[in-house]
Amino acid sequence: MAITNYKHMTSHTAPEDLKYEVQSRPFTDGTGHTRWYHSGSEADLDHPPEYLKLQPTASIGDFWSHKNKKDKSKRSWFLNTDKKWEVIVLEKAHPLLTGRVLSIRVQDDSPNW
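Attention here is on the structure that accompanies the text. (Residues numbered from 1 in each chain as written. Predicted model: local features only at pLDDT ≥ 70, side-chain atom pairs only at ≥ 80, totals over all residues. Heavy atoms only, no water.)

### What to know about the overall build of the protein chain
So, point 1. In terms of regular secondary structure, the protein chain is built from 0 helices and 8 strands.
So, point 2. Start at the N end of the protein chain and walk to the C end: the helices and strands fall as β-β-β-β-β-β-β-β.
So, point 3. Burial analysis of the protein chain (113 residues in total) assigns 36% to the buried set.
So, point 4. Residue pairs in contact within the protein chain that sit at least 24 positions apart in sequence constitute 37% of those at least 6 positions apart.
So, point 5. When the accessible surface of the protein chain is summed, it comes to about 6,800 Å², and 52% of that surface belongs to carbon and sulfur atoms. (Helix = DSSP H or I, 4+ residues; strand = E, 2+ residues; numbered from the N terminus. Buried < 20%, exposed > 50% of the residue type's maximum accessible area, 1.4 Å probe, protein only. Contact = heavy atoms within 4.5 Å. Areas by Shrake-Rupley, 256 points an atom, 1.4 Å probe, with all protein chains shown as cover.)

### Describing the pattern of salt bridges
So, point 1. Per the stated rule, a full pass over the model turns up 5 salt bridges.
So, point 2. When the shortest N-O distance is used, the salt bridge between Asp46 and Arg75 registers 3.9 Å. Of the two residues, Asp46 sits in the loop between β3 (33-41) and β4 (63-68) while Arg75 sits in strand β5 (residues 74-79), which places them 29 residues apart along the sequence.
So, point 3. When its relative accessible area of 42% is taken as the criterion, Asp46 is described as partly exposed.
So, point 4. Classification of Arg75 by relative accessible area gives partly exposed; the value is 33%. (Salt bridge = Lys/Arg side-chain N within 4 Å of Asp/Glu carboxyl O.)

### Remarks on the side chain of Asn68
So, point 1. Relative to the helices and strands, Asn68 is located in strand β4.
So, point 2. In this structure the side chain of Asn68 is engaged in a polar contact, spanning 3.0 Å, whose partner is the side chain of Asp44.
So, point 3. A polar atom in the side chain of Asn68 sits 3.1 Å from the backbone nitrogen of Asp71.
So, point 4. Apart from residues no more than four positions distant in its own chain, Asn68 is found in contact with Ser41, Glu42, Ala43, Asp44 and Ser73. (Polar contact = N/O pair within 3.5 Å; in protein donor to acceptor, adjacent residues only side chain to side chain.)

Structure representation (structure tokens):
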């Protein structure tokens, strides 16, 4: 689990120094993986950092979860085929991998394709 800092670039809705963690879990059949970013701050996040979609580490189907530490609310998105962060809907089909749908694991609140 890596903790990364980025300097705010294009989003006017993100804090200046948003810290986030990146995690990844392989599919049980070995055909790919689920990668997700999670962040938290004292405020809501309207969307994940725009510049991240251009980084080599971000891939279509990646998931972002943000928790507002003040009111405990959460918002979540995934990176779609247009490289735009789209609000998630459970059981949404993976944008590239046929037969994979989004679910959230009860035991640790992590995403799973």
